[in-house]
Amino acid sequence: MGSTIAGPRLLRARINERLAQASRLPIAMIVAPAGFGKSVALRDFIETSRLDAVRYDVPREDTTLLAFVRGLSEALQPVAPTAFAAFPAMQQRVLASDEPVRNLSDWFDEHLKKTVCTVVIDDLHHAAVDPNAIALLGNLIERTHPRIKWIVATRSDAGLPVATWLGYGLMDLPLGENELRFTPEEAVAAAQEAPTPVAPDEIEALRLQTEGWPIALAIALRTRTYASDLRTASAGTRELIYRFLAEQSFAGLSDDQRSFLLRSCVFPSFDSDVAERLGAGSDFIDDLRRKVTFLGLTSPGRYRYHDLFRDFLENELRRAGDAVWNHTLSTAGVIMERRKEFVDALMLYVRVPDVDAIVRVLETQGVALFERGETPTLTDALATLPEQVRGENASALGLRAMLEASRGRFDLAELSFGQAIARASEPALKSALTHRFAIELVRHDRDCVALLEPFAADPKVASSVRIPMMGTLATAYVRSGRIDDAKLTIGRAIDMLDSGADDDVRARLLQQAAYVFQFTNAGARARGYADHAVELAL
């Protein structure tokens, strides 16, 4: 979700009116530096206009093309559910592509071809670390603007064809930092939310010292900072002003509150459950939010620090020393791992880096994460491991093989798969790696029947692994011309499915059944399997 601040909760009518005017055109943009209230402006406009929009708030961690695509396709689920379901397969094609932006533009365009909606993207600057992400969004907007409206908030419009959009009348001038600065009237209204009364001349002095910068003025009013105290800091950069005010706000909290801020700032966002695991109940959070302006409620029960203040907190945490920093990250990772949020756990462990914890997650969840399309996270995790671990650990070798195969380097992948399977001592891991290797063999039109048959016939193999292997074996039988064996195997696999099987597993097996039966005289049966698979995938 986007970075919002808790207060003051000031509805700025002129900003809403400006956004209402801009959003009459296909494209609207807010472009301003950090702390100018872009997210708050979006939130207030959406709420007051009752805009029914799809919203993607780009997390600070989504700095690659694939992370941006995954996040956008997930946000688009209410209007284009097939995109997110198809992302893992598309990811593998993109990794092996020489033109990822064009391929992804075509892919999104196909999934959105019948979609009419408004898409709001906040904090786009996080994705701008990868220029391809911005190029993709520009292409997507140009292809879809006749039926989809786009509202984008970012710190920079670099990489987007804004001049062209302006020239063709597709957008109004972006709402910028000068328009977002607090006016004297807005500063007086904001001061009414301060814990103690502030004299009008002091309000205006603070507004002038902060140059109407919304986040700085909000903190100054909340912490009862005087303009005379701010004068020295305001002679420096905007960042110096913010640090001065953040330090005043932080120093005014209790030890328990400061401790909570430092232990929770390593999470991109957190919910009430995480807060409770860190020892903070709802009353504690409510009291904290009354005292500070930088802890936003992004949805019921979910919180996020303003980006600038999160940076400040992480700097404070690092100043406590490497041992404290690493312990905080590892503790946060354990919390997310226990919640079965393995991607977030891995990202936290990578920042330490906590090699043992990374290996533990990769060994138990690596294959599943790969199949979900979490390639960027897995790539970072593997890169963090020492070379010896990458070369000897079966899970690390297997995941490296999967990533190499997805990038089109099957010769390297085949070698790593062989090493991984040979080193795998756990039957479940050996089965999973064998299945992934078989899938890649099928994709490269190589025979995998002999590889799969022993596992598919072994009742000791867990059904959660054995059934998918039988589905792959059935397709391999078709490629070998053994249609009867294919029909028998896919039929047995479908019969073995229990009522509690995941829809994804069921849909994949039915897709394989449809493939098998299209090579028989039972065309209607093949279509029935295919239709049912599509229903489950949506």
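Along each chain, residue indices are assigned from 1 in the same order as the chain's sequence is written. A pLDDT threshold of at least 70 governs which residues receive local features in this predicted model, and a stricter bar of 80 or more applies before side-chain atom pairs are shown or counted, although totals over entire chains, interfaces and linings include all residues. In computing side-chain properties, one takes all heavy atoms of the structure into account and sets aside hydrogens as well as water.

A.B. asks: Quick rundown of the pattern of salt bridges? Include the residues and the values.
C.D. replies: Salt bridges are identified by distance alone: a Lys or Arg side-chain nitrogen within 4 Å of an Asp or Glu carboxyl oxygen. Tallying each qualifying case throughout the model produces 46 salt bridges. Two residues, D122 and R55, come together in a salt bridge whose shortest N-O distance is 3.4 Å. In this pair, D122 sits in strand β3 (residues 117–122) while R55 sits in strand β2 (residues 54–57), placing the two residues 67 residues apart along the sequence. Judged by its relative accessible area of 0%, D122 is buried. The rule is simple: take the accessible area with a 1.4 Å probe, protein chains only, and divide by the maximum for that residue type; under 20% is buried, over 50% is exposed, in between is partly exposed. Of the residues examined, R55 reaches a relative accessible area of 25% and is grouped as partly exposed. With a shortest N-O distance of 2.8 Å, R319 and E316 are connected by a salt bridge. In this pair, R319 and E316 are both assigned in helix α17 (residues 307–319), 3 residues apart and thus about one turn of the helix distant. Given a relative accessible area of 17%, E316 falls into the buried group. Overlapping salt bridges bring together R60, E61, R310, D311, E314 and R351 as one network. We count a stretch as a helix when DSSP gives it H or I for four or more residues in a row; a strand needs E for two or more, and each element gets its number in order from the N terminus.

A.B. asks: Break down the packing of helix α23 (residues 394–406) against helix α25 (residues 427–443) for me, citing the residues and quoting the values.
C.D. replies: Packing of α23 against α25 brings their axes to within 11 Å, and their N-to-C directions diverge by 15°. Judged by the angle between their axes, α23 and α25 are roughly parallel. As for the relative orientation of α23 and α25, their crossing is left-handed in sense. Residues A394, S395, G398, M402 and A405 of α23 lie in contact with α25, whose contacting residues are L429, L433, R436 and E440. Under the grouping applied here, Gly and all other residues not named as nonpolar or charged are polar, the nonpolar ones being Ala, Val, Leu, Ile, Met, Phe, Trp, Tyr, Cys and Pro and the charged ones Asp, Glu, Lys and Arg. Across the contact of α23 with α25, the residue classes tally to 5 nonpolar, 2 polar and 2 charged. Fitted lines through C-alpha atoms give the axes, limited to the stretch in contact for helices. The angle between two N-to-C directions lies from 0 to 180 degrees. If an angle is under 35 degrees, it is roughly parallel; if it is over 145, roughly antiparallel; if it lies from 65 to 115, roughly perpendicular; otherwise it is oblique. Should the near helix be turned anticlockwise from the far one by less than a right angle, the crossing is termed left-handed; should it be turned clockwise, right-handed. The contact criterion used throughout is that any non-hydrogen atoms of two residues lie within 4.5 Å.

A.B. asks: Give me the lowdown on the environment of S259, citing residues and values where you can.
C.D. replies: Along the chain, the position of S259 falls in helix α14 (residues 255–264). Taking relative accessible area as the criterion, S259 reaches 30% and is therefore assigned partly exposed. Put simply, S259 and L278 are 19 residues apart on the chain and 9.7 Å apart in space, counted from C-alpha to C-alpha.

A.B. asks: Requested: an account of the sheet that holds strand β5 (residues 270–271), with residues and values cited.
C.D. replies: Being paired, for any two strands, means DSSP has found at least two bridges between them. Strand order in the open sheet formed by 3 strands is β5-β7-β6, and the pairing between neighbours is antiparallel. The sheet is open, and its two edges are formed by β5 and β6 (295–299), each paired on a single side. As paired strands, β6 and strand β7 (residues 302–305) are joined by 4 bridges and run antiparallel to one another. The residue of β7 that forms the bridge with G296 is R304.

A.B. asks: Provide a residue-level description of the packing of aromatic side chains, including the pertinent values.
C.D. replies: Geometry of aromatic contacts follows a simple scheme: Phe, Tyr and Trp rings, the Trp one being its six-membered ring, pair when their centres are within 6.5 Å, and the pair is stacked under 30 degrees between planes, edge-to-face over 60, tilted otherwise. Scanning all chains against the criterion turns up 15 aromatic pairs. On the numbers, 5.7 Å between centres and 35° between planes, the contact of F270 with Y303 is tilted. Here F270, found in strand β5, pairs with Y303, found in strand β7; they are 33 residues apart in sequence, far enough to count as distant. Of the two residues, F270 and Y303, both sit in the buried class. Relative to Y529, the ring of F517 has its centre 5.6 Å away and its plane inclined at 40°; by these criteria the two rings are tilted. Taken together, the residues F517 in helix α29 (residues 503–517) and Y529 in helix α30 (residues 523–537) connect sequence positions 12 residues apart.

A.B. asks: Account for unusual backbone geometry, naming residues and giving values.
C.D. replies: In this structure, P353 follows V352 across a cis peptide bond, with omega equal to -5°. Within the chain, R50 stands out as a residue other than glycine whose phi angle is a positive 55°. Positionally, R50 belongs in the loop between α2 (38–49) and β2. Despite not being glycine, K340 shows a phi value in the positive range, around 65°.

A.B. asks: Give a description of the packing of helix α10 (residues 200–210) against helix α11 (residues 214–222) that names residues and reports values.
C.D. replies: Relative to each other, α10 and α11 sit at 140°, their axes nearing to 9 Å. Between α10 and α11 the crossing geometry is right-handed. The segment α10 lies against α11, with L206, R207 and T210 engaging A216, L217, A220 and L221.

A.B. asks: Lay out the nonpolar core in plain terms, naming residues and giving numbers.
C.D. replies: We call a set of buried residues a nonpolar core when its members are Ala, Val, Leu, Ile, Met, Phe, Trp, Tyr or Cys and they connect through side-chain atoms within 4.5 Å of each other. In terms of nonpolar packing, the biggest core is built from 140 residues, with F267 and Y305 touching the most fellow members. The leading source of residues in this core is helix α27 (residues 463–479), at 9 residues. The residues touching F267, leaving out its near neighbours within four places in the chain, are V274, L278, R310, A332, I335, M336 and L348. Listed in part, the 42 residues of the second largest apolar core include Y56, W107, C117 and L136.

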